[in-house]
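# Chains, contacts and geometry: an overview
The lines below spell out each chain.
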Amino acid sequence: PGPMAAPRSFSAAEVRERCARGACLVRCRRRLYDLSAFVRLHPGGEQLLRRRAGTDVSAALDGPPHRHSRNARRWLEQYYVGDLQPGDEQVPPAGGRGWHRLLEPVDEKAVDATAQTPARVDPRCKSVDEEKDLVDWQKPLLWQVGYLGEKYDEWVHQPVDRPIRLFHSDILESLSKTAWYVVFMVWTPVVLYLSWVSYTSLAQGNTRLFSSFTTEYSIPVHKYYFPFIFLVGMFLWSLLEYLIHRFVFHMKPPASNYYLITLHFLLHGQHHKSPFDSSRLVFPPVPASLVIGFFYGLLQLLLPEVLGLSVFVGGLCGYVIYDMMHYYLHYGSPKKGTYLYGLKAYHVKHHFEHQKSGSFGISTRFWDRPFRTLIPEETFEKED
C-alpha cells in the first residue's frame, strides 16, 4: 500500500455511510481502522470481518475463539485511519442490530471527559514505523539486511503489508518473483510428459531393482507399479518440504555473518517480512529449475534410470501442489469448517505467532506430528 492519508476525526454517520458503501471499518475503542484491503486475506474469513464492520473489535482481539498475537495487533495498526469523534462510540453495522443505541441519550459530562482523552494505542499494537525502520524501504532490501546484525531476527519476524524489492537490477528483480499461475503453466506439462516417458519406459520391461548388484535376485519393475512409485515421490516431497522449511528456511543466521543473513532473507526471510506480497509466494521458475535439476541428478545417481525418473516426477507433482496450496493459504478464502480453512489458520499462525517453533508443514500437518512441531490447540483463558 502507498502512503496513507493523515489520520483524522470521523463521525458515526460517516463511518456508517462508508460501511454501507462496502468499506470495512472497525474500531478499537475510538481508534478506527479501514480493513477493506485486508478482508479477503483474513484467516477467519471475509464474512467474519464484514459482520464486524462499524463495531468495536477490542474484545474480539482478545478472544475467544482466538487471542490475536502481538504481530497481529501490530499488523492492524497499518490500517489506522483516524479516531471516532467523542460520544459516537456506538457505530453498529448497516442493517445490523443495535441502531437504537445511537438514539439513546448521551451523558454530556462523559463525552467531555472522553474528548479530553486522546485515543491511546494498546501497547501490544505498536506498529512498524516504515519512516523510522531499520532499513530504507525506498531502496532494494537484500543488500541492507545483512547490516542489521542481532536486530535482524526480530525485525524479519515483524510482518508488514507492503511489497518488497530485492535487487537494483530490473532483470534480477523480475527473475526473483512470479505470478502463481506461471508455476502451474511451466511445470504441469513437464509432469505430464515425464509421467508418459516413465510409464512407457517401464512398459518395455527392462527396468529391474538391484540389477547393479545381482542379476539372479534382481526384481522386475512393471509398468503397473508406476502409480505407486509416483505416490512414493509425492510422499518423499512432503518430507523434503518439511525438512527444507524447518532446517534451511528457518535457520537462525549468526548475527555477525552478513552473508548468511543476506542468504536467509533471499531464501525465506523476505516472505516472513511481507507474507502477502503476491509476487513472492511461489518459487520463480528460473531459480526453481536449478534446484529441481539438482534433485533430478541425485535420484538418477541413487536409482535405476527409469525408476529414478518415476520417483522424480511424483516429487515434482508434489512440489507443484505445494506451491499452489501455499498461494491459496495466503490469498484463498476457504469455507469455514473445511480442511483448507483449518490449514490456512494454521499457516497464518506460523507467520504471526509461531514463526520459529512450529507449523513447518505447509501442504500438510502430517510431518509436524512425528517431529513434535505441531502447534497446540489454543487453550483459552482471557487475559486482563
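Residues numbered from 1 in each chain as written. Predicted model: local features only at pLDDT ≥ 70, side-chain atom pairs only at ≥ 80, totals over all residues. Heavy atoms only, no water.

The protein chain appears in an unreviewed UniProt entry as Fatty acid 2-hydroxylase from Geococcyx californianus. Taken directly from UniProt, the Sequence similarities (unreviewed entry) text for the protein chain runs: "Belongs to the sterol desaturase family. SCS7 subfamily." (UniProt positions renumbered as here; feature names shortened; annotations may be inferred.)

What follows covers helix H10 (residues 258-273). Its 16 residues place the ends of H10 only 18 Å apart at the C-alpha level, less than the 22 Å of an ideal helix rising 1.5 Å per residue. Ile261, Thr262, His264, Phe265, His268, Gly269, Gln270, His271, His272 and Lys273 are the residues of H10 that are buried. At its buried positions, H10 is contacted by helix H6 (152-156), helix H9 (226-249), helix H12 (305-331) and helix H13 (339-352). (Helix = DSSP H or I, 4+ residues; strand = E, 2+ residues; numbered from the N terminus. Expected span 1.5 Å × (residues − 1). Buried < 20%, exposed > 50% of the residue type's maximum accessible area, 1.4 Å probe, protein only. Contact = heavy atoms within 4.5 Å.)

Turning our eyes to something else, we now look at the sheet that holds strand E3 (residues 31-34). The sheet built from four strands is open, its strands ordered E1-E4-E3-E2 with mixed pairing. This sheet does not close on itself; its edge strands, each paired only once, are strand E1 (8-10) and strand E2 (25-28). If you compare each strand with its neighbour and ignore which way they point, the axes differ by 40° on average. Bridging between E2 and E3 involves four bridges; their strand directions are antiparallel. Looking at E3, one finds that Arg27 is bridged to Leu32. (Pairing = 2+ DSSP bridges. Axes fitted to C-alpha atoms, helices over the stretch in contact; angles between N-to-C directions.)

Residues given the UniProt feature "binding site: Zn(2+) 1" (unreviewed entry) here are His245, His250, His268, His272, His347, His350 and His351. Relative to the assigned elements, His351 resides in helix H13. Note on His351: relative accessible area 2%, which makes it buried. A distance of 3.1 Å separates the side chain of His351 from the side chain of His271, its partner in a polar contact. (Polar contact = N/O pair within 3.5 Å; in protein donor to acceptor, adjacent residues only side chain to side chain.)

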